[in-house]
Every structure is written in C-alpha cells, then in structure tokens.
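Report on the structure
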Amino acid sequence: MDTIASLFSFITTPVSWIIVQFHKVYGALFGDDSGWAWGLSIVSLVVLIRICLIPLFVKQIKSTRNMQVLQPKMKAIQERYKNDKQRQSEEMMKLYKETGTNPLSSCLPILAQSPFFFALYHVLSSIASGKKIGAINQDLLDSARQAHIFGAPLAAKFTDSVEKVTSLDASLTDVRIVTAIMIVLMSASQFFTQRQLMTKNVDLTVKTPYMQQQKMLMYIFPVIFAVMGINFPVGVLVYWLTTNVWTMGQQMYVINQNPTPGSKAQDAYLQRVLKSVTSHGEVRGRTRRKMVKAIVAKGSDRNDIERKFITGLGKLGLAAQEDGTVAKSETAVADAEGGQAHKRQQPKRQTKAKRQTTGHATAGAKGTEPEAAGSKTSLEKQDAPQDSKPKSAGKPASGSSRQAKSGQRKGPQRPKHPSKK
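Please read these numbers as outputs of a predicted model, since none were measured by experiment. (Residues numbered from 1 in each chain as written. Predicted model: local features only at pLDDT ≥ 70, side-chain atom pairs only at ≥ 80, totals over all residues. Heavy atoms only, no water.)

**Quick notes on the overall build of the chain**
As a reminder of what qualifies: Runs of H or I in DSSP of at least four residues are treated as helices and runs of E of at least two as strands, each being numbered from the N terminus. Think of it in three bands: residues with accessible area under 20% of the maximum for their type are buried, residues over 50% are exposed, and the middle band is partly exposed, with areas taken using a 1.4 Å probe on protein chains only. Should any heavy atoms of two residues lie within 4.5 Å, those residues are considered in contact. Residue burial considers only the protein chains on display, and all accessible areas are found by Shrake-Rupley using a 1.4 Å probe.
A count of helical and extended segments in the chain gives 18 helices and 4 strands. Counting across all 421 residues of the chain, residues that qualify as buried make up 37%. Looking at the chain alone, contacts between residues at least 24 apart form 64% of all its contacts between residues at least 6 apart. Carbon and sulfur atoms provide 58% of the accessible area of the chain, an area that totals close to 26400 Å².

**So, the UniProt feature "transmembrane region" (unreviewed entry) in the chain**
Here is the rule: UniProt positions are given in the numbering used here, feature names are shortened, and annotations may be inferred rather than shown by experiment.
The positions that UniProt labels "transmembrane region" (unreviewed entry) are, in the present scheme, residues 36-58 and 217-241. Taken as a whole, residues 36-58 contains 96% helix and 0% strand, while its terminal C-alpha atoms sit 32 Å from one another.

**Topic: the packing of aromatic side chains**
To describe a pair of aromatic rings, one takes the distance between the centres and the angle between the planes. We count it as follows: Think of it this way: a Phe, Tyr or Trp ring, Trp meaning its six-membered ring, pairs with another when their centres are within 6.5 Å, and the plane angle makes it stacked under 30 degrees, edge-to-face over 60, tilted otherwise. We count a charge as sitting over a ring when the NZ of a lysine or the CZ of an arginine lies within 6 Å of the ring centre and within 35 degrees of the ring normal.
Within the structure shown, the criterion is met by 6 aromatic pairs. Pairing Trp36 with Phe150 gives two aromatic rings, centres 5.8 Å apart and planes at 80 degrees, and the pair type is edge-to-face. One end of the pair, Trp36, is in helix H3 (residues 35-52); the other, Phe150, is in the loop between strand E1 (148-149) and strand E2 (152-153), and 114 residues separate them in sequence. In this structure Phe150 comes out as exposed when scored by relative accessible area, which is 65%. Taking 5.1 Å as the distance between ring centres and 50 degrees as the angle between the ring planes, the aromatic pair formed by Phe225 and Trp240 counts as tilted. Placement of the pair is Phe225 in helix H11 (residues 209-229) and Trp240 in helix H12 (residues 234-257), with a sequence separation of 15 residues. For the pair formed by Phe225 and Trp240, the shared burial category is buried. Here the aromatic residues Phe221, Phe225, Tyr239 and Trp240 are joined through ring pairs into a cluster of three or more. Its end group placed over the ring of Phe158, Arg176 keeps NZ or CZ at 5.3 Å from the ring centre.

**Considerations on the pattern of salt bridges**
Let me state the cut-off plainly: Any carboxyl oxygen of Asp or Glu within 4 Å of a side-chain nitrogen of Lys or Arg constitutes a salt bridge here.
By the definition in use, this model includes 5 salt bridges. Glu282 is paired through a salt bridge with Arg284; the nearest N and O atoms lie 3.5 Å apart. Judged by its relative accessible area of 40%, Glu282 is partly exposed. Across the pair Asp304 and Arg307 runs a salt bridge, and its minimum N-O distance is 2.9 Å. Taken together, the residues span about one helical turn, with Asp304 and Arg307 both in helix H15 (residues 304-315) at a distance of 3 residues. The class for Arg307 is partly exposed, based on a relative accessible area of 39%.

**As for the confidence of the model for the chain**
Put simply, the rule is: As a per-residue measure, pLDDT tells how confident the predictor is, with possible values from 0 to 100.
For the chain, mean pLDDT is 76; residues scoring 70 or higher make up 71% of the total. Mean pLDDT across the secondary structure elements of the chain bottoms out at helix H18 (residues 397-404), with 46, and peaks at H15, with 91. In this model residues 336-346 is a low-confidence stretch, pLDDT under 50, and it forms 2 contacts with partners more than four residues away in sequence or in other chains. When the criterion is pLDDT under 50, residues 368-407 qualifies, and its contacts beyond four places in sequence or with other chains add up to 2 contacts.

**Remarks on the nonpolar core**
This is how the line gets drawn: Among buried residues, those of type Ala, Val, Leu, Ile, Met, Phe, Trp, Tyr and Cys that are joined through side-chain atoms within 4.5 Å constitute a nonpolar core.
With 48 residues, the main nonpolar core has Val15, Trp38, Leu120, Ile127, Ile136 and Tyr239 as its most contacted residues. Those elements that provide at least two residues to this core are helix H2 (9-30), H3, helix H7 (108-129), helix H8 (138-146), helix H10 (172-200), H11 and H12. When residues of this core are assigned to their parent elements, the largest contribution, 8 residues, is made by H7. Other than its neighbours up to four places away in sequence, Ile136 contacts Ser16, Val20, Val123, Ile127 and Leu141. By size, the runner-up hydrophobic cluster in this structure holds 15 residues, among which are Leu274, Ile295, Phe309 and Leu313.

**Structural notes on a nonpolar patch on the surface**
Definition in use: Patch membership is restricted to residues that have no salt bridge and whose relative accessible area is over 30%. Joining uses 9 Å for like charges and 5 Å for the nonpolar side chains Val, Leu, Ile, Met, Phe, Trp and Tyr.
A grouping of Leu29, Phe30, Trp36 and Phe150 is seen on the molecular surface, where their side chains present a nonpolar patch of about 530 Å² in accessible area. Mapped onto the elements, Leu29 comes out in helix H2. On the accessibility criterion, Leu29 (64% relative accessible area) is exposed.

**Topic: the environment of Thr278**
Which entries qualify depends on this criterion: Polar contact is the term for a pair of N or O atoms within 3.5 Å; when the atoms are in protein, one must be able to donate a hydrogen and the other to accept it, and sequence-neighboring residues count only if both atoms are side-chain atoms.
Here Thr278 shows up in helix H13 (residues 264-280). Note: C-alpha distance between Thr278 and Gly312 (34 residues apart in sequence) is 9.7 Å. From its side chain, Thr278 meets the backbone oxygen of Leu274 in a polar contact 2.8 Å long.

This is the structure we're talking about:
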C-alpha cells in the first residue's frame, strides 16, 4: 500500500483539499461531524472529476463511432479470412492503424479516474489509521473518524476486525451490512451499464473482436469490483458507486440522443422522430435534424432501420431533405396512394369449400374438352373419303385396302374363325 501511495502522492494533496472545501459547504448545512457532510463531499468530488473528464468521454464516443463506421470493412475481412484467424487479426490491426482507431478507447475514462481513486483510497486509509494527510489536519481527522453513513464509518471496511470497528465507534454487523449492500449496488450498476451498451447500442448484425471484448468486460468488471469491494473503505465505495451511477446516466443519454447505426436504440430513436413528424409535420430539434441529414447523405448505404424510416416518411407524403428537414413530395403521395389502391383491388381469400367447388367445376370442364375434340375428330375422319390417298402403281391393292379401313390394326391380321368365313 505504501508503494501505491507513493506513486499517487502527487494527487493526494489536491484530492484532500477538494474534499475539505466541499466539507466546509456541507458542514454548514448538516454539521461538521455529520456523515452526510463527508459523504456528500465525496459525491461532489466524483461529480467534479467526471465533469473534467467530459472531453475524454467525447473522444471515447468519437472513437466508438469510428469503430461503427468500420463495421462493414471488418465484416468483409472476417468473411475473407474466416479460415485463417491469424491473418484475420493482422488485417484487423492494419485497418485500425490506417484509420487511427483504438478499440481500447472505451477504457480511457476508467484509466483517467485511477489516480483520483487511489488518492482517495489512501486518504481514507490514513483517516482510519488516525494519520494526518494532505489538507486534512488533526481537527478534520477527528471529525472524519466520527462521521458515519447509516451506522458505518467512512474509513471502515468489510474485512475489518471487531477491535478496529469498535475503535471507530461502530458495530461490525452494521459495517458489513452497509458495505455488502454498497458492493452489490456497485457491481449491479456496472453490469447494467455494460449490458445496455451491448443490447441496445450495438449493431448486432456484425460480429467483431471489439464486440467480443465488450461482452467479456460486461461480465468481468462486476466480478472484479465485487471481489475488490470487500477491501474498500465505505468512503471509497461511495465514490465508486457514484461514478458508476454517473456513467450509467451518461450512457443512457448517449443511447437516447446519439444511438449507434443499426442498433435497437436507433430503431427506437427514429420511431420517436417519425411520431413527432406525424404530429407536427416537421423535424423538431437540431440533434434530430442532424440525424436525418446523415441518413439522407448515406444514400444507398442506409441500413434496414434507416430505410424503414424513409419509407415511413413516404407513407406520410413527406421526403427527407439534405438539410435534415422534411417536405411534401408528390411522388411519395402517388406511391402511397398507388400502393393503397393496389391493395384494395386484391381479391378476398376464398374459403376451403368454395375452392373445392371451383376445383371440381374446372376439372369437369377440362374433362369434357377431350371428348368433344375426340368426337369432332371422329366425325372428320368419317366424312373424309377413304380413297383420298393415291394408290401406288404395281402394288397389290388388297393389303392397302385392308390398312385403309378404320379401326383395324396395322401389320398381319389374325385369321378369321372358319365358322365366320
């Protein structure tokens, strides 16, 4: 622990100073020794850090969008080298390098928070040990040691002994119940954040190593935090639970306002836009117009969800414009009316009894046709003269006369019975 503390000693003093400044504000409201004053100071520290990390979050979003643009190329590489995993990985890394995309960019906010996390951990550990650190003097140290959140001291841990918890004026049962609940909430919030990213904001039609990585992190991170959480002081659990809730809310905002193309979130977003256009006759909001503008610019490269949206506008008699607005289109109206008229002209489906009746009638009509044709043919044959063919000279006429008679077989004939001669 001393090694880690020495590595992050450059940030320990600023972190402790920020906590003290927030404690002055909340101490005036709840009391200097109140657990709410110290707990809200830690929460405010998280909010301040996350606000400072917004540029990194924006960079993360842009990198994620670049990954989404590369999805078709990545899918083509997978199909081309599906039997050679090594060559597939090499081509993927080459594509990342050419486009300047980093698949690990989603970890940037976590990496940036690490110094603050370890600095806060060291500050709370020093408070539990009764040591002054950074901007926390002896008076603030005594006040922090008396602060409790739901009966658990800020510096207490799940694995602390009875003697240590007793020295902080608390019971071991209260400490373990509070820390266990906070660990469960921390792990659950981490899992839910990753799950909504994988199930709602990912194009599931394309399988990439990036998706496999995110799916793996969805299950690994909650387990890691659950195992490590038993060694975190209550104050650190407050910090990490707060940052997880912030991340979850931030992720929900991105999913609702800027969804990934081809994802379920984009389908829900465009359905909301279409409903708004139906009610107001126009695209309201700069973000929505920007989204429609991007869809129009894609042209034939639109995915199925975007084509569905354009078709929905056509049924309303509207067409998306290049600037993200919509306008009335006579072509769209004609196509919609033509489709409705064609739909009305389709015959109704017949019942099984009617189909059988029609089938029997058709079969009977077809059966009479050969008979009529046969009778006509036989009449024509009867009317035709038997001596229509010219007899060949020099040949006996007996054989040919017998073959000319209708109804007799060709070739040698069976001799008649003697009684009939």
